[in-house]
Amino acid sequence: MSARILSLFLPRLASDLVRRRARKVSEPLVLVARRGRGEVVACLSPAASAQGLRCGQSLSEARSLVPGLTTRPYDPALPRRALQALRRQALRYAPWVAVDGEDGLVLDLTGSAHLMGGEAALCADMAQRLAAMGIEARIAVAPTRGAAWGLARFAPGPVTLAEEAGAAIAPLPMAALRIEAETVAGLARLGLTRIADLGRTPRAPLTRRFGPELMMRLDQAQGVLREPVAAPAETAPHAVRLSLPEPIGTSQDVMAGLTRLLERLCRRLEREEAGARQLRLELARADGSRAEAEIALARPMREAAAMAALFERAIDALEAGFGFDALRLSAPLVEALPPAQLTGGGGTRRGGTSPAQGGARSGSSEALADLMTRLGNRVGLEALIRPLPADSHIPERAFLSAAAAFTEPPDGWPRPGPADGRPGAVRPLVLFPPEPLDAPALPDPPRHLRWRRQALTRLRVFGPERLTPEWWLDDPLWRSGVRDYWRLDTLEGPRLWIFFTPQDPGWAVQGEFE
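First, a word on what this report is: a plain description of the structure on this page. Within each chain, residues carry numbers counting from 1 in the order of the written sequence. Totals for whole chains, interfaces and linings use all residues, but because this is a predicted model, local features are given only for residues with pLDDT of at least 70 and pairs of side-chain atoms are given and counted only at 80 or more. Remark: hydrogens and water are excluded; side-chain values derive from all non-hydrogen atoms of the structure.

## Section: unusual backbone geometry
Here is step 1: Gly463 connects to Pro464 through a cis peptide bond whose omega is 0°.
Here is step 2: Secondary structure follows DSSP: runs of H or I at least 4 residues long count as helices, runs of E at least 2 residues long count as strands, and numbering of each begins at the N terminus. Mapped onto the fold, Pro464 is located in strand 19 (residues 454-467).
Here is step 3: Phi is positive for Glu273, close to 55°, though the residue is something other than glycine.
Here is step 4: As for its placement among the helices and strands, Glu273 is situated in the loop between helix 12 (251-271) and strand 10 (274-285).
Here is step 5: Its identity as a non-glycine residue notwithstanding, Arg453 has a phi of 65°, on the positive side.
Here is step 6: Position of Arg453 relative to the elements: it lies in the loop between strand 18 (448-451) and strand 19.

Structure, rendered in structure tokens:
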């Protein structure tokens with residue numbers, strides 16, 4: 001059985017999606033992306049094409065040609081998500097479906113087209129469904145992937161069915177071979193503008209001049225070299241649905257339906273030894289509109305009751321309208337969560353924690369994660385940060401801030417200075433930018449000094465600890481060279497962390513001990 005490959009080309013996918021969402025967006029419409037220092041047209045509607053505009057054109061030029069032009073920002077993530085959704089829908093036609101670039105799909109129809117009534121009926125059904133979505137499409141079926149790709153993009157007509165690859169692509173331009181634009185321009189300078197022209201030209205000179213890719217693409221399109229459709233492994237989304245015979249509108253009813261969905265989802269997560277880090281509840285109203293509630297979790301979870309309680313605040317704020325008649329719960333973000341193991345102390349431990357410490361450590365960490373979950377769903381998980389040790393001996397760069405929900409607490413902080421634990425090597429809890437001290441510019445710690453309008457007298461000192469600048473970083477605060485740090489206790493009470501700079505004699509305070 002000869003191979004049959006379908007190429008689906010969506011030339012205006014991004015603009016079609018914007019028009020489909022906005023419904024009443026004015027025409028002509030172009031989507032604008034930033035390239036270098038300017039803005040260019042990344043995608044455009046049919047009305048904009050009819051005005052003579054084209055992709056890659058500068059926005060200023062496009063506006064000069066069409067003064068009433070409507071512009072929207074180009075979001076590359078939008079067509080990528082749409083292609084993934086369309087790929088899943090296209091599995092109704094063939095078992096092997098893959099995303100082909102940024103504007104299409106490729107399907108291996110070998111042995112499956114007859115289930116849809118033949119290739120013509122299959123293409124007609126696909127085109128009808130895409131038209132109902134408001135998406136412009138061009139479809140081609142050929143014995144090879146390369147031929148189908150070229151016919152979908154350069155052959156006339158919305159649907160092309162080719163029985164023989166070589167004859168079908170012969171009249172097409174060179175760009176139909178999926179080669180670089182520079183190669184197309186170089187071939188045009190030699191008078192080779194159609195694929196048929198390559199058959200009348202020796203291969204060796206072309207390979208020496210343009211590299212092996214040109215002839216490889218030609219052989220793939222003609223079927224000399226095989227090019228299978230490598231479809232990604234299909235994993236079912238972590239989602240469950242509930243359709244209701246009658247619309248519901250109270251928060252108690254929605255919570256009851258959500259609890260049923262959570263129990264089903266948690267059973268699947270338990271079988272897969274996974275936990276949810278994000279949950280999204282989508283509710284369909286009886287009038288066709290939709291509502292949504294979403295929560296983020298600071299740790300992987302699969303406890304239905306605990307996760308249901310986190311939804312209460314969001315569900316109370318929903319407007320039911322004429323009532324909800326369908327619910328869909330999904331877990332867009334899932335992480336591994338191995339089974340918990342009871343310890344002798346009644347706690348739980350995971351991942352190799354010692355029995356003696358596992359219960360307390362696991363229980364406290366889970367309680368902290370639950371607290372972060374409750375706070376994070378009010379202020380955002382990204383607003384909750386924790387300090388982590390950094391590989392630097394500079395005091396103000398010895399730590400970094402990270403999202404607490406997505407990092408583990410450090411096992412311990414490195415102790416600076418000598419191993420004997422002298423007080424002079426301890427860092428203060430309060431650090432601030434260096435503040436000059438009114439004291440004599442001598443290397444010994446001053447007996448009398450003024451700081452923040454206070455007259456202070458030295459009681460005792462510990463130190464020194466010499467710190468050198470990190471030469472690979474240009475920090476303006478450390479351009480004065482090395483620093484000799486001291487801990488200075490005063491009779492008046494303040495305990496300061498001061499330093500002396502030998503290269504530029506002077507004293508400054510950078511921290512205060514509690």
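## What about the environment of Ala127?
Here is step 1: The topology assignment puts Ala127 in helix 5 (residues 119-132).
Here is step 2: For the exposure calls, accessible area comes from a 1.4 Å probe over protein chains only, and a residue counts as buried if that area is under 20% of its type's maximum, exposed if over 50%, partly exposed in between. Taking relative accessible area as the criterion, Ala127 reaches 27% and is therefore assigned partly exposed.

## A few points about a nonpolar patch on the surface
Here is step 1: Patches were defined on residues exceeding 30% relative accessible area and lacking a salt bridge, with like-charge contacts within 9 Å and nonpolar side-chain contacts (Val, Leu, Ile, Met, Phe, Trp, Tyr) within 5 Å. For the area figures, the Shrake-Rupley method with a 1.4 Å probe applies, and any residue is considered shielded solely by the protein chains shown. The working definition used for a salt bridge is a side-chain nitrogen of Lys or Arg within 4 Å of a carboxyl oxygen of Asp or Glu. Taken together, the side chains of Leu368, Leu371, Leu375 and Val379 make up a nonpolar region of the molecular surface, amounting to roughly 330 Å² of accessible area.
Here is step 2: Here Leu368 lies in helix 14 (residues 355-379).

## Topic: the state of the cysteines
Here is step 1: Count a disulfide wherever a pair of cysteine sulfur atoms falls within 2.5 Å. The full count for this structure, using the stated rule, is zero disulfides.
Here is step 2: The closest cysteine sulfur to the non-disulfide-bonded Cys43 is located on Cys55, 5.6 Å from its own sulfur.
Here is step 3: The class for Cys43 is buried, based on a relative accessible area of 4%.

## Looking at the layout of surface pockets
Space left empty within the atom packing is revealed by a probe, the size of a water molecule, rolled over the atoms.
Here is step 1: Any residue with an atom within 4 Å of a point lines the site, the site being either a cavity, points on a 1 Å grid over the protein atoms alone where a 1.4 Å probe fits but cannot get out, or a pocket, an open set with protein on both sides within 12 Å along at least 5 of 7 lines. Grid points are joined across faces, edges and corners, and a volume is the space filled by probe spheres set on the points. In this structure, the largest pocket occupies an estimated 940 Å³ of space.
Here is step 2: Among the secondary structure elements, those contributing two or more residues to the lining of the largest pocket are helix 1 (13-22) and helix 4 (77-89).
Here is step 3: Note on residue categories: nonpolar means Ala, Val, Leu, Ile, Met, Phe, Trp, Tyr, Cys or Pro, charged means Asp, Glu, Lys or Arg, and polar means any other residue, Gly included. Among the residues forming the lining of the largest pocket, the class breakdown is eight nonpolar, two polar and nine charged.

## Thoughts on a positive patch on the surface
Here is step 1: The charge count treats Lys and Arg as positive and Asp and Glu as negative. His and the chain ends do not count. Here the site of a charge means NZ on Lys, CZ on Arg, CG on Asp, or CD on Glu. Residues Arg20, Arg21, Arg80 and Arg81 make up a contiguous surface patch of positive charge.
Here is step 2: Sorting the residues of the positive patch by element identifies helix 1 and helix 4 as the ones contributing at least two each.
Here is step 3: Secondary-structure assignment places Arg80 in helix 4.

## Details of the pattern of salt bridges
Here is step 1: Under the definition given, this model contains 23 salt bridges.
Here is step 2: One salt bridge in this structure joins Arg4 and Glu119, with 2.7 Å as the shortest N-O distance. Of this pair, Arg4 sits in the segment before strand 1 (5-9) while Glu119 is found in helix 5, placing the two residues 115 residues apart along the sequence.
Here is step 3: The partner of Glu470 in a salt bridge is Arg397, and the shortest N-O contact between them spans 2.9 Å. Of the two residues, Glu470 sits in the loop between strand 19 and strand 20 (483-490) while Arg397 sits in the loop between strand 15 (385-389) and strand 16 (399-403), which places them 73 residues apart along the sequence.
Here is step 4: Under the relative-accessibility criterion, Arg397 is labelled partly exposed at 23%.
Here is step 5: Among the ionic contacts, a cluster of salt bridges with common partners joins Asp16, Arg19 and Glu27.

These values are about where atoms sit, not about what they do.
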